[in-house]
Amino acid sequence: MFRSLRARLLVTYLLVGGLVLAIVGVGLFVFLVRSPLAVRQTYQRLEGVADGIAGRSGRLLRELQPEMRQQALERLDREAHMRAILLGPGGELLADSRLDEGPPPADVLAGLSPQREKVRGEYRDEGGRRWLYVARAINSEFAIVLIAQRPTIRVLGVLRDEFVTPLLQAGAVALVASILLAWLVSRWVAAPLQGVARAARSVAAGDYSNRPAPGGPSEVESLALAFNEMVDRVQGTQQAHKDFVANVSHELKTPLTSIQGFAQAILDGAAADPEAQRHAAQVIYDESDRLRRLVEDLLDLARMDAGQVAFKREPVDIGALLRGVVEKMSLPAAEKDVKLLVDLPALPTLIGDGDRLAQVFTNLVDNAVKHTPEGGKVALRADVEGGWISIHVDDTGPGIPPEQLSRIFERFYQVDKARPGGLGRGAGLGLAISSEIVQAHGGRLVAQSKLGRGSRFTVQLPIICADDRTMVRGG
Ligand code: ADP
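Sequence order as written defines residue numbering, which begins from 1 separately in each chain. Since the coordinates come from a predicted model, pLDDT governs what is reported: local features require at least 70, and pairs of side-chain atoms require 80 or more to be given and counted, while whole-chain, interface and lining totals use all residues. Side-chain numbers here rest on the full set of heavy atoms in the structure, without hydrogens or water.

J.: Give me the overall build of the protein chain: which residues, what numbers.
T.: Across its full length, the protein chain holds 12 helices and 12 strands. Projected onto the principal axes, the alpha-carbon positions of the protein chain cover approximately 170 × 55 × 40 Å. Relative accessibility under 20% of the residue-type maximum defines a buried residue, over 50% an exposed one, and the middle range a partly exposed one, all with a 1.4 Å probe and only protein chains included. When the 475 residues of the protein chain are sorted by exposure, 38% land in the buried category. A contact between two residues is defined here by any heavy atoms of the two lying within 4.5 Å. Nonlocal contacts in the protein chain, meaning residues at least 24 apart in sequence, comprise 65% of its contacts between residues at least 6 apart. Of the roughly 27600 Å² of accessible surface on the protein chain, 57% is carried by carbon and sulfur atoms. Counted as positive: Lys and Arg. Counted as negative: Asp and Glu. His and the chain ends are not counted at all. Positions of charges follow a simple convention, taking NZ of Lys, CZ of Arg, CG of Asp or CD of Glu. The protein chain carries 57 positive and 56 negative side-chain charges, and their two centres are separated by 7 Å. Numbering of helices and strands runs from the N terminus; a helix is a DSSP stretch of H or I covering at least four residues, while a strand is a stretch of E covering at least two. Using the Shrake-Rupley algorithm and a 1.4 Å probe, accessible areas are obtained, with residue cover drawn only from the displayed protein chains.

Structure, rendered in structure tokens:
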């Protein structure tokens, strides 16, 4: 029933309003019931009458017969609604307007006489009723005592007269204010929330264009921002997935087409002579080798993504490892007439996976040799600084355009697919794999390049990496 934000806010406001009114009502009621105001007013009334009598009745009283005095007091009682008692010089009771009620307690009367100028007080009669009295000396012979019942506040009457109506009025105002506030606040909170919900539904339906505008309270606003961020990521992942499938298909299709074409040539007899057949077989061999490497690289990346690659953690003599890579690459470099230079200081021993690190440097030197024209140079240098070892692979190749430099580590990204690379050309996965391996060692792989001058790939590795954290993707 109260599922909507608006209804819940309304109920909350009404409860709070009702509670406040109840607290204020009870507080006022208690104050009024306990207030001495009514008692004070009764005393004032008694004193006003007593002062009037004391001021002008001295002579008259002396001349009046006792019965007349009695009648005069009874008349006063009727008119002013108060008991009147006349006391003689010794404090003795001369007349009483309510003889039938029995005299006030003796101890009260004893304290009253014409000798006492002004007295006021309170007593309780035998029936338990409480009375207020005021006594005044009229002259040396008489004193008048006026008595009225102590006022008590009748709870129900007070409730009805003083509270119910104003409380009902305040309640009505609170109700209207609650409805208005609930409407305003729920609009403020619910409108942006509904925007997020609408956007979530359209994203679920495949439409990414409907984005919630950030607004409302900060919590709702950060929800909208987080939602937009999430949608961006989902979109990015979907795009990457599409690109990946397109790239894999493309990279598989090219060698498969070659293989099919040359196999067809052999079958058709188009490659009839032994030389042509040998060439066709060589192409089929090379292309299937390329396919095998592609599939291996893809599997490697998939396993790294899934955290399934167990990197070894063993001491690695990085100097020896680099010299081994150079030795292995010296033949292809020599074939291309590219000079392979090595300039290494004494390097510390690292903790890591030697085979995987050798894969990284082989890839970097291989790329450098591949992209360096004949007569060029590839140099391997290293320096140690601040707990890090940096290994640079420099070449004098064509360089990489600055706007593409940040993208070469993306999967399948190739600077220029038309660039010469021959059959050894990869599928744009080498640097992506190398970067993953270096990151798993707690390091990073960066590239710098000047167009027309050459490129520098730098592997930075932390020297002390014997703890588990360095092998991020370990195990
Ligand atoms: P591939 O296996 O196709 O060489 P990589 O991931 O190793 O892919 O390299 C990505 C891109 O970076 C390639 O297109 C390549 O042309 C370019 N690249 C890599 N190394 C160099 C280099 N030393 N000089 C110029 N371009 C390079």
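J.: Describe helix α8 (residues 274–305), naming the residues involved and giving the relevant values.
T.: Multiplying one less than the number of residues by 1.5 Å gives the expected span of a helix. Given a rise of 1.5 Å per residue, 32 residues ought to cover 46 Å, and the 46 Å separating the end C-alpha atoms of α8 matches this to within 8%. Residues of α8 that are buried in the fold lie against α7 (218–268), α10 (354–371) and α12 (430–440). In the segment just after α8, Gly-307 is the residue with positive phi, at about 70 degrees.

J.: A description of the sheet that holds strand β10 (residues 388–395) should follow, citing residues and the corresponding values.
T.: Across a sheet, strands are paired by hydrogen bonds formed along the backbone, either parallel or antiparallel in direction. Strand order in the open sheet formed by five strands is β7-β9-β10-β12-β11, with mixed pairing between adjacent strands. Edge strands, defined here as strands with exactly one partner in the open sheet, are β7 (339–343) and β11 (444–450). Each strand of the sheet is rotated relative to its neighbour by a mean of 15 degrees, with strand direction disregarded. Strand pairing requires that DSSP identify at least two bridges connecting the strands. In the sheet, strand β9 (residues 377–385) pairs with β10 via eight bridges, with the strands oriented antiparallel. When the sheet's bridge partners are listed, Asp-383 is paired in β10 with Ser-390. As a rule, the C-alpha atoms of each element are fitted with a line to give its axis, helices using only the stretch in contact, and angles between N-to-C directions run from 0 to 180 degrees.

J.: So what about the side chain of Ser-434? Which residues, and what values?
T.: Among the secondary structure elements, Ser-434 is positioned in helix α12. Under this definition, polar contacts are N or O atom pairs within 3.5 Å; protein pairs additionally need one hydrogen-donor-capable and one acceptor-capable atom, and for neighbouring residues in sequence, both atoms have to be side-chain atoms. Reaching out from Ser-434, the side chain makes a polar contact with the side chain of Asn-363 at a distance of 3.0 Å. The contact partners of Ser-434, leaving out residues within four places of it in the chain, are Val-360, Asn-363 and Leu-445.

J.: Quick rundown of the domain arrangement of the protein chain? Include the residues and the values.
T.: Note that the domain bounds were set by an automatic or database domain assignment. Per the domain assignment, the segments of the protein chain are domain 1 (5–33 + 155–201), domain 2 (36–149), domain 3 (218–304) and domain 4 (307–417 + 425–468). Taken over C-alpha atoms, the centre of domain 1 sits 54 Å from the centre of domain 2.

J.: Before we move on, can you summarise the pattern of salt bridges with the specific residues and values?
T.: Salt bridge, as applied in this entry: a Lys or Arg side-chain nitrogen positioned within 4 Å of an Asp or Glu carboxyl oxygen. Under the definition given, this model contains 23 salt bridges. In this structure, the salt-bridge partner of Asp-366 is Lys-370, at a minimum N-O distance of 3.7 Å. On the criterion of helical spacing, the pair formed by Asp-366 and Lys-370 is a turn pair, its members being four residues apart in helix α10. What makes Lys-370 partly exposed here is its relative accessible area of 26%. What you see here is one network of salt bridges that share partners, running through Asp-77, Arg-83, Asp-96, Arg-98 and Glu-101.

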